[in-house]
Amino acid sequence: MPPTSTRLLHATRDYSAVNGIDSLDTPPTYSHFLKHYLEPNLPVLIGPALTAQWRARQQWVSPQTGKPNFAQLREQLCTEPVQVPVADCQCKDFTDQKRSTMDLQEFLDEWEEHSRTNTPSRTYLKDFHFVKTFPAYGAYETPDIFCDDWMNEFWTRRTDVDDDYRFVYCGGDGTFTPFHADVYRSYSWSANICGVKKWTLFPPNQEHLFQDQLHNTVYDIENVDPIQFPNFHKAKRFTIYQQPGHTLFVPSGWWHQVHNIGDTISINHNWCNGSNLDLLVESMTSDLKEVEREIDHLKEMMDQDEWIETCQKLLLLNSGWDWSTLWNMCNTIRARVKMQQLGEDASLGTSIDMLLQDGVEIGRCLGFYP
Ligand SMILES: O=C(O)CCC(=O)C(=O)O
Ligand SMILES: [Fe+2]
């Protein structure tokens, strides 16, 4: 595993000179990736050597057709009923698509039928926690350059919740993911197993062009109301077509929309480390300010501890995490690094002293409250 990067404070990142997305035929070394992409927070498309050895690439795709090997997927993954999360690409639900769950075998049957009849699909299997669902399957190995991953390390070590950020996406022609920036403003990497993905990426600091006065954000960049979002067309954007086997690194806070062309399977992780921690903190701080604004009228009725706790609870509900989560994630990594320095076993499964603290204490440590 590459060393844990510890750089927290960055010079302001500047995207004004970015005029395209780099493409690397050969996977970069970690130090090259850190210097040219992680730290400056820039996207890069990496050639298929990075994923060539994966079981997913060798067994999930039919070599004759280049399409998903539906029979093999059913045989290997549907020995028992499994419920998987799906989105209806033709049904908007607030800022996302309408979500539900369905049986994996049923999903594969429907998908194969669309594929056979060349009809567009609307059901997109997404955010499927593949490793958690099939821990012994070994579909892929996280590439070295993406291994310094504090989010998945922390969530995998947590005993209070059973969650992670390691996903598989499967969708037929026409399925898509609407315009968004990733959870907590984390990085993502997305490796394409088959089909083609069209990505449109927007560098950060243009959010004012995507939002109306009520803070509604563009949902589908291919259908934007010019009256509601009169300046959207001014936003700087880059489009790439990701081929099978290729992996895209999506930096923090870059808004994007993804369209699947043909039958597409991809594997992706959301992740963070010392190179984007400042961006995650910035995003959480801005979410917290929004919560504070929303319930400002209740502030007078509470003492300070009660106020902090209420804001943290709402932050956790709205954003999926709070100060304690962030603090405990950093502490878990700190404890693991210390164990490694002492030459102790720090592998996953080893118990780590997590130094749990609550939001009130952390808010004071961070200097938010007296
Ligand atoms: O593949 C998709 O549909 C969405 C993937 C995505 O948004 C990501 O990897 O950040
Ligand atoms: Fe995303």
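In the annotation of an unreviewed UniProt entry, the entry for the protein chain reads JmjC domain-containing protein 4, and the organism field reads Linnemannia gamsii.

Q: Is there a simple way to explain helix H9 (residues 304–319) in this structure?
A: Think of an α-helix as 3.6 residues a turn; residues three or four steps apart then line up on the same face. Counted at 1.5 Å a residue, the expected span for H9 with its 16 residues is 22 Å, and the 22 Å between its end C-alpha atoms agrees. All buried positions along H9 are accounted for by Ile308, Cys311, Gln312 and Leu315. The buried residues of H9 all sit within an arc of 100° when viewed along its axis, so they share a single face. The secondary structure elements touched by the buried residues of H9 are helix H8 (277–294), helix H10 (323–341) and helix H11 (359–365). Just beyond H9, the residue with positive phi is Gly320, at close to 90°.

Q: Mind showing me how you'd approach the site of ligand 1 here?
A: Around ligand 1, a shell composed of Tyr169, Thr177, Asp182, Ser188, Ser190, Lys197, Val250, His256, Val258, Ser266 and Asn268 is seen. Those elements that provide at least two residues to the shell around ligand 1 are strand S8 (187–202) and strand S11 (255–271). Sorting elements by how many residues they give to the shell around ligand 1 places S11 first, with 4 residues. Its residues assigned to classes, the shell around ligand 1 shows 3 nonpolar, 6 polar and 2 charged.

Q: How should I be thinking about the pairing of strand S4 (residues 96–103) in this particular structure?
A: Looking along a regular strand, one sees side chains alternate from face to face of the sheet. The pairing of strand S3 (residues 83–93) with S4 spans 8 bridges and is antiparallel. Across the sheet, the residue bridging to Ala87 is Arg99, located in S4. Hairpin geometry of S3 and S4 is characterised by an intervening segment of 2 residues between the two adjacent antiparallel strands and by a positive phi of about 55° at Phe94.

Q: Can you help me understand the packing of helix H3 (residues 70–77) against helix H4 (residues 104–117) in this one?
A: Geometry of a packed helix pair, given as the angle between the helix axes and the separation of the axes. The N-to-C vectors of H3 and H4 enclose an angle of 175°; their axes lie 10 Å apart at closest approach. The orientation of H3 relative to H4 falls into the category roughly antiparallel. Facing H3, whose interface residues are Phe70, Leu73, Arg74 and Leu77, H4 presents Leu104, Gln105, Leu108 and Glu112. Within the contact of H3 with H4, the residues separate by chemical class into 5 nonpolar, 1 polar and 2 charged.

Q: Explain unusual backbone geometry to me, please; I cannot follow it from the model alone.
A: Note on backbone geometry: most residues besides glycine have negative phi, and most peptide bonds are trans. Positive phi values are uncommon outside glycine, yet Asn41 reaches one of about 60°. Within the secondary structure layout, Asn41 lies in the loop between helix H1 (30–38) and strand S2 (44–46). Its 19 C-beta neighbours within 10 Å are what place Asn41 among the partly exposed residues. In this model, Asp127 sits at a positive phi of 55°, which is unusual for a non-glycine residue. According to the C-beta neighbour criterion, Asp127 is partly exposed, with 18 such atoms within 10 Å.

Q: I'm lost on the environment of Phe167 in this one. Help?
A: Its location among the elements puts Phe167 in strand S6 (residues 166–171). Between the C-alpha atom of Phe167 and that of Gly367, which follows or precedes it by 200 residues, the distance is 36 Å. If sequence neighbours within four positions are ignored, Phe167 has contacts with Asp127, Phe128, His129, Phe130 and Asn268.

Q: Explanation requested: the nonpolar core in the structure shown.
A: One broad trend across soluble globular proteins is that nonpolar side chains are buried collectively. Judged by nonpolar contacts, the single largest core of 64 residues is most densely connected at Phe107, Leu125, Met151, Ile193 and Cys272. Per-element tally for this core: the top contributor is S8, with 8 residues. If you count residues domain by domain, this core takes at least three from each of domain 1 (22–271) and domain 2 (277–365). Look past the residues within four positions of Met151 in its chain and what remains in contact with it is Tyr165, Ser186, Asn270, Trp271, Cys272 and Met329. By size, the runner-up hydrophobic cluster in this structure holds 5 residues, among which are Leu288, Ile308, Cys311 and Leu315.

Definitions and limits used
Residues numbered from 1 in each chain as written. Chains lettered and ligands numbered in written order. Predicted model: local features only at pLDDT ≥ 70, side-chain atom pairs only at ≥ 80, totals over all residues. Helix = DSSP H or I, 4+ residues; strand = E, 2+ residues; numbered from the N terminus. Expected span 1.5 Å × (residues − 1). Buried ≥ 20, exposed ≤ 12 C-beta atoms within 10 Å, placed from the backbone. Arc of directions from axis to C-beta. Contact = placed C-beta atoms within 7 Å. Near = placed C-beta within 6 Å. Nonpolar A, V, L, I, M, F, W, Y, C, P; charged D, E, K, R; others polar. Pairing = 2+ DSSP bridges. Axes fitted to C-alpha atoms, helices over the stretch in contact; angles between N-to-C directions. Parallel < 35°, antiparallel > 145°, perpendicular 65-115°, else oblique. Core = buried A, V, L, I, M, F, W, Y, C linked by C-beta atoms within 7 Å. Domains from an automatic or database assignment.

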